[in-house]
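Coordinate inspection notes
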Amino acid sequence: MTLQAIDTIAQKINISPKFLTHYGQYAAKVSLKCLESSDKSQQGDLILVTSTTPTPQGEGKTVTTIGLSEALNYNGHLAIACIRQPSLGPIFGQKGGAAGGGQAEVVPMEQLNLHLTGDIHALSAAHNLAAAALDARLYHETRLGDLYTEKSGLPRLNIDPERIVWTRVVDHNDRALREITVGKMGKQTAYIHENNFEITAASELMAILALSHDLHDLRQRIGKVVLAYDTNGKEITAEDLEVAGAMTAILQKAIEPTLMQTVENTPVLIHAGPFANIAHGNSSIIADRIALTHANYVVTEAGFASDMGMEKFFNIKARTSGILPKCIVVVSTVKSIKANALTDKDAPEADQLTSGLANLGWHIQNAKRYQLPVVVAINQFPDDSEAEMAVIREYALAQGADDCEVSRAFAEGGKGASLLAEKVVKACEKQAKAQLLYDDALSLKEKIEKVATTYGAIEITYSPEAEATLIKLTKDGYHRFPICIAKTPQSISHDPKVKNVPAPFTLPVEGVQLVKGAGFIKVLLGDIMTMPGLGLRPAYREIDIDAEGNIVGL
């Protein structure tokens, strides 16, 4: 592996060095001004990578995303990968890094995984500024009462401390911060109220960053963020608190994607990192726009499986951007298919494979709902047999996949995924027109039903709180917003214990939240975790530096 200077990588895709802000030799922020000078007639094809239901064995979605972009270049095309920025929480926790691996990896891997150019820290600072400003306003209004306006020259917001919806964030797994008490200041007790921390990837600002078109759009969206409600139930926004401008100023550079490279010097744009179980789970619209005007093919990855990141790519991100893919790649492995089996763990390997295939079939058919070609990528491990590959291929084609190919990108890089790349290009050449799952005009309940029935739900129940919130959101004019389902990634259903393909079931909607700045309605299926905790054997134990100062153990 020979790394190239980031200016050289930029030149490959016709981005001038004048649009780069360097962060060392091998990473640079890309100015949005490069879109003004780009060839407007250039518009590449977008390829969306998703997977079967996640398992501890891993599906290799990022490896396939990176490997496929390398393979397209290996085959003579100009290709760029667009991925999300890793969060420190999973890196130091159980999941580890998110750079791909082997010969299909973003490098320098350590730089990517360990806070890169600081975007996530900037998001944390902007988010927590709003929290601090809100609590300060509550404190001073409580302290001064009717004298507040006279002393400050500002109108009273009359914040209801029981209806503060803006949390605090930190980019670590820290279960001790899930519930906190704010405002303990000795004898001054009138200000105390309950609050909590979320991981930064769960911040609405992260979703906003990924969905913004430019700096002006980012500013407008931040102004709409609902921080709390007043004592009459009226929204209090970041604009009302006069903190939206300062929040945007903190994010002035964070709005620019970061350019890096793979081990084969394929360009990669890294930007934003919303989780797919609680947000839309896709990298930024801005990165896609830059990539599509500077390459023939752009490979991007949606978080978790097709029921999560892929569904949200279409019904939230594409609805916002107007950018639709030409092809969907569904990634799976022999190990993950067996892990999704309903057979006993001691059952013969062949029986486990046969049983688990139904999960692959469901995800193929789910992807086909969007009227695009679907190519299945079998991410091969060294001990996978050719016979098993043949069984998966035959089944995938029978379930409606347009094609199926083995990828050896981890071991062989672009060469190992070249046949997959050929089949993906053929699928893109069909120039199919993607179709979204629902129209804006449908009611919120109709939109929920559209998504729920794809899971296999035959009935939907609503808690009294969810029912009341849906009525209010409709009355307030938010019924045209798309919905963002927040649920477990471990099952197609809402129940993490239900494996493979769920039998017909009742889907419980426990809560509904307005995410005004990002522009969607969050629908909660169960108790959704927004602040992970560290496990018994966290990954940070293995991370260190050697005698030369090199990072090891990632």
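Cut-offs and rules
- Residues numbered from 1 in each chain as written.
- Predicted model: local features only at pLDDT ≥ 70, side-chain atom pairs only at ≥ 80, totals over all residues.
- Heavy atoms only, no water.
- Pairing = 2+ DSSP bridges.
- Helix = DSSP H or I, 4+ residues; strand = E, 2+ residues; numbered from the N terminus.
- Axes fitted to C-alpha atoms, helices over the stretch in contact; angles between N-to-C directions.
- Salt bridge = Lys/Arg side-chain N within 4 Å of Asp/Glu carboxyl O.
- Buried < 20%, exposed > 50% of the residue type's maximum accessible area, 1.4 Å probe, protein only.
- UniProt positions renumbered as here; feature names shortened; annotations may be inferred.
- Contact = heavy atoms within 4.5 Å.
- Polar contact = N/O pair within 3.5 Å; in protein donor to acceptor, adjacent residues only side chain to side chain.
- Core = buried A, V, L, I, M, F, W, Y, C linked by side-chain atoms within 4.5 Å.

1. Topic: the sheet that holds strand β12 (residues 226-230)
As summarised here, the arrangement of the three strands in space is β7-β12-β13, forming an open sheet in which the pairing is antiparallel. Among the strands making up the open sheet, the edge pair consists of β7 (159-164) and β13 (235-237). On average, each strand axis in the sheet is inclined to that of its neighbour by 50 degrees, with strand direction left out of account. Judged from the three bridges that link them, β12 and β13 form a sheet pairing that is antiparallel. Note on β13: the bridge partner recorded for alanine 228 is isoleucine 236.

2. Concerning the pattern of salt bridges
Close approach of charged atoms allows side chains of opposite charge to pair. Here the structure, examined in full by the defined rule, presents 27 salt bridges. The partner of lysine 317 in a salt bridge is aspartate 288, with the nearest N and O atoms 2.7 Å apart. Taken together, the positions of lysine 317 in helix α12 (residues 306-321) and aspartate 288 in helix α11 (residues 285-292) put the pair 29 residues apart, joining distant regions of the chain. Of the two residues examined, lysine 317 and aspartate 288, each falls in the buried class. Of the charged contacts in the structure, one is a salt bridge between lysine 445 and glutamate 467, with a shortest N-O distance of 2.6 Å. With lysine 445 in helix α18 (residues 444-455) and glutamate 467 in helix α19 (residues 464-475), the pair connects residues that are 22 residues apart, well separated along the chain. Residue class for lysine 445 comes out partly exposed when judged on its relative accessible area of 34%. The class of glutamate 467 is partly exposed, set by a relative accessible area of 28%.

3. Concerning the UniProt feature "binding site: ATP" (unreviewed entry) in the protein chain
In the numbering adopted here, UniProt assigns the feature "binding site: ATP" (unreviewed entry) to Thr55, Pro56, Gln57, Gly58, Glu59, Gly60, Lys61 and Thr62. Here threonine 55 is to be found in the loop between β3 (45-51) and α3 (61-74). Overall, threonine 55 belongs to the buried group, its relative accessible area being 14%. The contacts of threonine 55, once residues within four sequence positions are left out, are Ser336, Ala339 and Asn340. A polar contact of 3.0 Å, which involves the side chain of threonine 55, links it to the side chain of glutamate 59.

4. Concerning the nonpolar core
Formed by 133 residues in total, the largest nonpolar core has its most connected members in Met247, Leu269, Phe314, Leu360, Ile483 and Ile521. It is helix α6 (residues 119-144) that provides the largest number of residues to this core, a total of eight residues. Judged by nonpolar contacts, the second largest core, of 35 residues, contains Met260, Tyr297, Val424 and Ala427.

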